[in-house]
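Listed below, chain by chain, are the residues.
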Amino acid sequence: MSDLRTHADERRPLDRTWLHVQLRHLRLWRRFLAQAIVRETHYRAHFLTTLLVGLVQLGLGTVPILLLYGYTDEVHGWSRAEVIALVGMYQIATGLLATFVAPNLNRMTSYITEGELDGVLLRPVSSQFYLTLRWINVAELSNVASGIVVLVVGLVQADAGPSAVDILQAVVLAAAGLVLLVCVWSAMSFLAFWLQSVSPIGFVFLNLVEAGRYPLVFFPTAVRAFLTFAFPVAFATTFPVQALAGGIGWAPVAGGVGLALVAVVLVRLFWRHGIRSYASASS
C-alpha cells in the first residue's frame, strides 16, 4: 500500500504540468464538439436553414463584385477571379468565427450580469477557455464548406497554381488572422466587466469584419493600416489569398504570427484584470 501511495505521489506533480493542462483542455473541447454534434442531429432543419442563409449571404456578397468587374478586368491589380477567391476566404473565416466563437462571446453579457460566471470560475478549467470555446454551432460549418468551394473556383479561374509553400503560407496567415480576430472580439466582449451590455460592441465587430470581403488595396492608406494592425482582418482574408495567388513572402507570415502571439498575451492579461474587478452578480 505504501509503495502505491509513493508512486501516486510521484505522479501527482506531472498532472500540474503545462502540457497536461493543455491536453486536459483539448479533451474537454472534444467533448464540447461531440455534444454539439449530438444536438445538431436532433435539429436537422437548423442545419439546412443555416446552409440556405449562408448561400444567400454568399450570393449577395458576390453580386457587387460581378457588377464592379462588369466594366473592367482589373482593379488595383486584382482580377475578378482573385476577388471571388477572396469572397470564398471571407466566407471561410466568418464561418469559423460563427461556429466556434460567436456562440460564446455573444453570451458574455449574460455570463457576467446574471451571475453565470460564478459557476464557471469554480470549474477546474481555465475560465477564459470555457467562456470563449464552450458552445459550438456545428451548422455554421456548412458556410465554411461553401467558402472553400468558392475559393477553389476563384483560384481555378485565376489560373493560380499555388505550391506547397504558398499553401502553407496561406494556412498560417489565415490561422494567425483568425486568432487576431478572436482576440479583438474577446477584448471587446470582456468590456462587459465594466459595461452593462456589450451587445452593441459585437454588432460593431461584425460590421467591421465585412471589410474583409474586399482586397486591402481597395481602401485608403489609413484604412489599410487600421485593417492590418488595429483590426487585422486582412490577415484572415486578403493576405492568404495573395499567398495562394502568387506567393506573398515570409515577412507577412512572421508578422502575422508575431502579432497573434502578442494579442493572445494581451487578451489574457486583460481577462485577468477583468476577473480581479468582477463583483459576483449573484451575491
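Computed from a prediction, not measured in an experiment: that's the story for all the values here.

So, how was this worked out
- Residues numbered from 1 in each chain as written.
- Predicted model: local features only at pLDDT ≥ 70, side-chain atom pairs only at ≥ 80, totals over all residues.
- Heavy atoms only, no water.
- Core = buried A, V, L, I, M, F, W, Y, C linked by side-chain atoms within 4.5 Å.
- Buried < 20%, exposed > 50% of the residue type's maximum accessible area, 1.4 Å probe, protein only.
- Contact = heavy atoms within 4.5 Å.
- Phe/Tyr/Trp six-rings, centres within 6.5 Å; stacked < 30°, edge-to-face > 60°.
- Helix = DSSP H or I, 4+ residues; strand = E, 2+ residues; numbered from the N terminus.
- Patch = residues over 30% accessible without salt bridge, like charges linked within 9 Å, V, L, I, M, F, W, Y side chains within 5 Å.
- Areas by Shrake-Rupley, 256 points an atom, 1.4 Å probe, with all protein chains shown as cover.
- Salt bridge = Lys/Arg side-chain N within 4 Å of Asp/Glu carboxyl O.
- pLDDT = per-residue confidence, 0-100.

What's the story with the nonpolar core in this structure? I'm lost.
One recurring pattern in soluble globular proteins: nonpolar side chains tend to sit buried together. If you look at the biggest cluster of nonpolar residues, it comprises 73 residues, and the most contacted ones within it are Met108, Leu117, Leu131, Leu151, Phe205 and Phe231. Ignoring sequence-local partners within four residues, the contact set of phenylalanine 231 consists of Leu181, Val184, Phe205, Leu208, Val209 and Phe226.

What exactly am I supposed to notice about the packing of aromatic side chains here?
For any pair of aromatic rings, geometry is given as the distance between the ring centres together with the angle between the planes. Going through the model one piece at a time under the given rule, you end up with 12 aromatic pairs. Aromatic pair phenylalanine 32 and phenylalanine 129: ring centres 6.3 Å apart, planes at 25 degrees, arrangement stacked. Within this pair, whereas phenylalanine 32 is found in helix 2 (residues 18-42), its partner phenylalanine 129 is found in helix 8 (residues 127-133), the two being separated by 97 residues in sequence. Classification of phenylalanine 32 as buried rests on a relative accessible area of 4%. When the centroid spacing of 5.3 Å and the interplanar angle of 65 degrees are considered together, the rings of phenylalanine 205 and phenylalanine 231 count as edge-to-face. Of this pair, phenylalanine 205 sits in helix 11 (residues 199-209) while phenylalanine 231 is found in the loop between helix 12 (221-230) and helix 13 (238-246), placing the two residues 26 residues apart along the sequence. Accessibility expressed as a relative area gives 0% for phenylalanine 205, which makes it buried. What makes phenylalanine 231 buried here is its relative accessible area of 2%.

So what exactly am I meant to see when it comes to a nonpolar patch on the surface here?
Taken together, the side chains of Trp18, Leu19, Leu23 and Leu26 define a hydrophobic patch exposed on the protein surface, amounting to about 460 Å² of accessible area. For tryptophan 18, a relative accessible area of 65% gives the class exposed.

So what exactly am I meant to see when it comes to the confidence of the model for the chain here?
In low-pLDDT regions, the fine details of the predicted coordinates are not to be read closely. Confidence in the prediction for the chain averages 86 pLDDT; 93% of positions are at 70 or higher. In the model of the chain, helix 1 (residues 2-11) stands out as the element of lowest mean pLDDT, 40, in contrast to helix 10 (residues 164-189), which has the highest, 95. Here residues 1-14 is modelled with pLDDT under 50, and outside its nearest four sequence neighbours on either side it reaches 1 contact, counting other chains as well.

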